[in-house]
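Residue-level listing of the chains:
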Amino acid sequence: ACIKYMQENYAENPDVETLAKIANYSLNHFIKKFKLKTGYTPAKYLTNLKIDAARSLLQHSHDSINAVMEKTGFLDTAYEYLILFLFASLFPFHC
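Residues numbered from 1 in each chain as written. Predicted model: local features only at pLDDT ≥ 70, side-chain atom pairs only at ≥ 80, totals over all residues. Heavy atoms only, no water.

> Please clarify how unusual backbone geometry should be interpreted in this entry.
Generally, phi is negative for residues other than glycine and the peptide bonds are trans, each holding for most cases. Positive phi outside glycine occurs at Asn13, with the angle close to 50°. Note on placement: Asn13 falls in the loop between α1 (2-9) and α2 (16-23). (Helix = DSSP H or I, 4+ residues; strand = E, 2+ residues; numbered from the N terminus.)

Below, the structure is given as structure tokens:
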């Protein structure tokens, strides 16, 4: 249930506490079970969802990088901008 929630709400940046409540687990137990099931921490899985969505927008739209960042829930931080920029450099887009 929490993976579906993440897939539908990645742009809202759900926190791990919310995801643990959705899964009805304690925080530590949730993180361990999530990583065991997916191979990723919840934070890394969420980042991957956002990157995949950003990649798709960059390939199939004429949105600016700022618009893509906003639509995919990337906050205006240097780290997230760098991640998106590195993926964006692989695909044509309009600034």
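> How should the layout of surface pockets be read in this particular structure?
Empty space among the atoms becomes apparent when a probe as large as a water molecule is rolled across them. Of the voids in this model, the largest pocket is the one considered here, and its volume is about 170 Å³. Forming the boundary of the largest pocket are Ala1, Cys2, Ile3, Ile22, Ala23, Tyr25, Phe30, Lys33, Phe34 and Lys37. At the level of elements, α1, α2 and α3 (27-38) are the ones that each hand at least two residues to the lining of the largest pocket. Tallying contributions element by element places α3 first for the lining of the largest pocket, with 4 residues. Classifying every residue of the lining of the largest pocket by side-chain character gives 8 nonpolar, no polar and 2 charged. (1 Å grid on protein atoms, 1.4 Å probe; cavity = no way out; pocket = protein on both sides within 12 Å on 5 of 7 lines; lining within 4 Å. Points joined across faces, edges and corners; volume = space filled by probe spheres on them. Nonpolar A, V, L, I, M, F, W, Y, C, P; charged D, E, K, R; others polar.)

> Sorry, what's going on with the packing of aromatic side chains here?
Each aromatic ring pair is characterised by the separation of its centres together with the angle its planes make. Across all of its chains, the model carries 2 aromatic pairs by this definition. Here the aromatic rings of Phe30 and Phe34 are separated by 5.6 Å at their centres, their planes lie at 50°, and the arrangement is tilted. Here Phe34 and Phe30 lie together in helix α3, a separation of 4 residues that amounts to about one turn. Its relative accessible area of 2% is what places Phe30 among the buried residues. Residue Phe34 is classed as buried on the basis of its relative accessible area, which comes to 4%. A centroid spacing of 5.3 Å and a plane angle of 80° characterise the contact between Phe34 and Tyr45, whose relative ring orientation is edge-to-face. (Phe/Tyr/Trp six-rings, centres within 6.5 Å; stacked < 30°, edge-to-face > 60°. Buried < 20%, exposed > 50% of the residue type's maximum accessible area, 1.4 Å probe, protein only.)

> I would appreciate a short explanation of the environment of Ser61 in the present structure.
Mapped onto the fold, Ser61 is located in the loop between α4 (42-60) and α5 (65-71). Separated by 3.2 Å, the side chain of Ser61 and the backbone nitrogen of Asp63 make a polar contact. (Polar contact = N/O pair within 3.5 Å; in protein donor to acceptor, adjacent residues only side chain to side chain.)

> How should I be thinking about the environment of Met6 in this particular structure?
Tracing the backbone through its elements, the reader meets Met6 in helix α1. When the C-alpha atoms of Met6 and Leu46 are compared, they prove to be 6.8 Å apart, with 40 residues separating the residues in sequence. Residue contacts for Met6: discarding those within four places in its chain leaves Leu19, Phe34, Pro42, Tyr45, Leu46 and Leu49. (Contact = heavy atoms within 4.5 Å.)

Treat this as a map of the structure, not an account of what it does.
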